[in-house]
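# Descriptive structure summary
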Amino acid sequence: MHDSIPGQAAGLADAQHGPVRVIAIASGKGGVGKTNVAVNLALALQLADKQTMLLDADLGMGNVDVLLGLQPHFNLMHVVGGHCSLDEALLEGPMGLAIVPAASGKQRMADLAHAEHVGLVNAFSSLTRPLDCLVIDTAAGISDSVVTFSRAAQEVVIVACNEPASLTDAYALIKVLSREHGVARVHVVANMVKSAPEGFDVYENLKRVAARFLDVHIDYLGHVPYDDFLRRAVQRQRAVAEAYPGSPSAAAFRELAARALKWPLPKGARGDTEFFVERMVAGGATA
């Protein structure tokens, strides 16, 4: 059993607390491997010497802890209920990856009001640990929590597979984020594809339709191949980069992380609900 990570004494004004790269991982439908992408991308960022945290934001049906064989004492339900702080709910995952676990099978968490979602976003400003990257595993679909956490991130990654339902629902999510919530850019990861060209086709199909009907920029982050080593890692409740670092999927996640780290860091707050807004305000003031 893993112990909670204790809070650290450094305040937000510490030099280590600069802007945090915040990446939301979303999908139009379930079953496309979104959580696997979130977990393994987060670990790849951690292995790239970036202090990384993974937030399980599938609030009522969280399973990041199950995927990694962890046994949390606290989760976000306890944070929302005032039974512990966010720092106290943190778990230490593989390779030092920090994890914020969600509740599982809790309707109350799935039905949080918009103000409560915003409150969770704002709660991250109280964290006292040094942090470079936050990866958010959102719920599948277009619920309020997905929209809130996606808008509060700087980058949104849409996970899709090469199947009609996945592509249709991915487009529907992009449409909601773009038309109704002003998200101007998303990145696509093609998951469980047989080849690099097939992965690029997934991206091209989404980009082609979006270019006709939406005012949104769609970028291709890359693909993750169908890999039996990834299936074995899931069965062992381990991340593939830890269990099979030489596997094709582990290499793919390292490449995704390398590309994500080339995205520019935020230079200041947008004036909307967003994670670590105080750090961005401070960074903008000193830039």
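For every chain, the first residue of its written sequence is number 1, and the numbers climb from 1 along that sequence. Whole-chain, interface and lining totals are the exception, using all residues; otherwise, since this is a predicted model, local features are given only for residues with pLDDT of at least 70 and side-chain atom pairs are given and counted only at 80 or more. Side-chain metrics rest on all non-hydrogen atoms present in the structure, leaving aside hydrogens and water.

## What about the overall build of the chain?
Only runs of H or I of at least four residues qualify as helices and only runs of E of at least two qualify as strands under DSSP, and these elements are numbered from the N terminus. Looking only at helices and strands, the chain has 13 helices and eight strands in total. As defined in this context, the radius of gyration uses C-alpha atoms, and a globule is described by 2.2 Å times the residue total to the power 0.38. For a compact globule of 287 residues, the expected C-alpha radius of gyration is about 19 Å, and the chain comes in at 18 Å, within 12% of that figure. Reported as C-alpha extents along the three principal axes, the dimensions of the chain are approximately 50 × 40 × 40 Å. For the exposure calls, accessible area comes from a 1.4 Å probe over protein chains only, and a residue counts as buried if that area is under 20% of its type's maximum, exposed if over 50%, partly exposed in between. Of all 287 residues assigned to the chain, the portion counted as buried reaches 52%. Partitioning the intrachain contacts of the chain with sequence separation of at least 6 by distance along the chain shows that 79% fall at a separation of at least 24. For every accessible area listed, the method is Shrake-Rupley and the probe measures 1.4 Å; residues are considered covered only by the protein chains on display. Of the roughly 12200 Å² that the chain leaves accessible, carbon and sulfur atoms contribute 52%. His residues and chain termini do not enter the charge count, which takes Lys and Arg as positive and Asp and Glu as negative. Where a charge lies is defined by one atom per residue type: Lys uses NZ, Arg uses CZ, Asp uses CG and Glu uses CD. In the chain, the 25 positive side-chain charges and the 30 negative ones have mean positions that sit 6 Å from each other. The contact criterion used throughout is that any non-hydrogen atoms of two residues lie within 4.5 Å.

## Side note on the environment of valine 39
Along the chain, valine 39 falls in helix H1 (residues 34–47). Of the residues examined, valine 39 reaches a relative accessible area of 1% and is grouped as buried. For the pair valine 39 and leucine 68, spaced 29 residues apart in sequence, the C-alpha to C-alpha distance is 8.6 Å. Non-local contacts of valine 39, meaning those with residues more than four positions away in its chain, are made with Leu54, Val64, Leu67, Leu68 and Ala239.

## Side note on the packing of aromatic side chains
Note on aromatic contacts: the rings of Phe and Tyr and the six-membered ring of Trp form a pair at centre separations within 6.5 Å, being stacked when their planes are under 30 degrees apart, edge-to-face when over 60 apart, and tilted otherwise. The final tally for this structure, using the stated rule, is seven aromatic pairs. Centre to centre, the rings of phenylalanine 124 and phenylalanine 275 are 5.3 Å apart; their planes meet at 85°, and the pair counts as edge-to-face. With phenylalanine 124 in the loop between helix H6 (114–123) and strand E5 (133–138) and phenylalanine 275 in the loop between helix H12 (248–260) and helix H13 (277–286), this residue pair connects regions lying 151 residues apart in the sequence. Accessibility assignment for this pair places phenylalanine 124 and phenylalanine 275 in one class, buried. Plain terms: the ring middles of phenylalanine 124 and phenylalanine 276 are 6.1 Å apart, the flat faces sit at 85° to each other, and that makes the pair edge-to-face.

## Focus: the pattern of salt bridges
Salt bridges are defined as contacts in which a side-chain nitrogen from Lys or Arg sits within 4 Å of a carboxyl oxygen from Asp or Glu. For the coordinates displayed, the defined rule picks out eight salt bridges. With its nearest N and O atoms 2.7 Å apart, the salt bridge here joins arginine 108 to glutamate 116. Judged by relative accessible area, arginine 108 falls into the partly exposed class, the value being 45%. What emerges from the salt-bridge pattern is a single network uniting Asp228, Arg231 and Arg232.

## Digging into the confidence of the model for the chain
Residue-level confidence of the predictor is summarised by pLDDT, bounded by 0 at the bottom and 100 at the top. Averaged over all residues, the pLDDT of the chain equals 89, while 90% of them reach at least 70. Within the model, pLDDT remains below 50 along residues 1–16, and this stretch shows 30 contacts once partners closer than five positions in the same chain are excluded.

## Overview of the layout of surface pockets
Buriedness of a pocket was judged along seven lines, with at least five required to meet protein on both sides within 12 Å; pockets are open sets of points on a 1 Å grid over the protein atoms alone, cavities are sets where a 1.4 Å probe fits but cannot get out, and lining residues have an atom within 4 Å of a point. Grid points are joined across faces, edges and corners, and a volume is the space filled by probe spheres set on the points. Here the largest pocket defines a volume of roughly 250 Å³. The wall of the largest pocket is formed by 17 residues, among which Arg151, Ala153, Gln154, Val183 and Arg270 lie closest to the centre. Secondary structure elements with two or more residues in the lining of the largest pocket: helix H7 (144–152) and strand E6 (155–160). Of the residues in the lining of the largest pocket, the class split is six nonpolar, five polar and six charged. For this classification, the nonpolar set comprises Ala, Val, Leu, Ile, Met, Phe, Trp, Tyr, Cys and Pro, the charged set comprises Asp, Glu, Lys and Arg, and every other residue, Gly included, is treated as polar.

## Side note on helix H9 (residues 196–213)
Since the α-helix turns once every 3.6 residues, residues separated by three or four places project in the same direction. Here, expected helix span is obtained from the residue count minus one, scaled by 1.5 Å. Between the first and last C-alpha of H9 there are 27 Å, a value that for 18 residues agrees with the 26 Å anticipated at 1.5 Å per step. For H9, the complete set of buried residues consists of Glu198, Gly199, Val202, Tyr203, Leu206 and Ala210. The buried residues of H9 occupy an angular sector of 150° when the element is viewed end-on, so they sit on one face. Relative to its buried face, H9 has exposed residues pointing more than 90 degrees away, namely Pro197, Ala211 and Arg212. The arc in question is the one traced by the directions running from the helix axis out to the C-beta atoms.

## Things to note about the sheet that holds strand E4 (residues 98–100)
Two strands pair if DSSP finds at least two bridges between them. Taken together, eight strands build an open sheet; the order of strands is E3-E4-E2-E5-E1-E6-E7-E8 and the sheet is mixed. Two strands bound the open sheet, and with one partner strand each, they are strand E3 (91–92) and strand E8 (217–225). The sheet contact formed by E6 and strand E7 (residues 185–193) spans four bridges and is parallel. By the bridge assignment, alanine 160 is partnered in E7 with alanine 190. Packing of H1 onto the sheet brings it into contact with strand E1 (21–26), strand E2 (52–57), E5, E6 and E7, and relative to E5 it is tilted by some 170°. Contacts from helix H8 (residues 164–181) reach E1, E6, E7 and E8, with the element oriented near 160° to E6. The convention used is that axes are lines fitted to C-alpha atoms, helices contributing only their stretch in contact, and that angles between N-to-C directions extend from 0 to 180 degrees.

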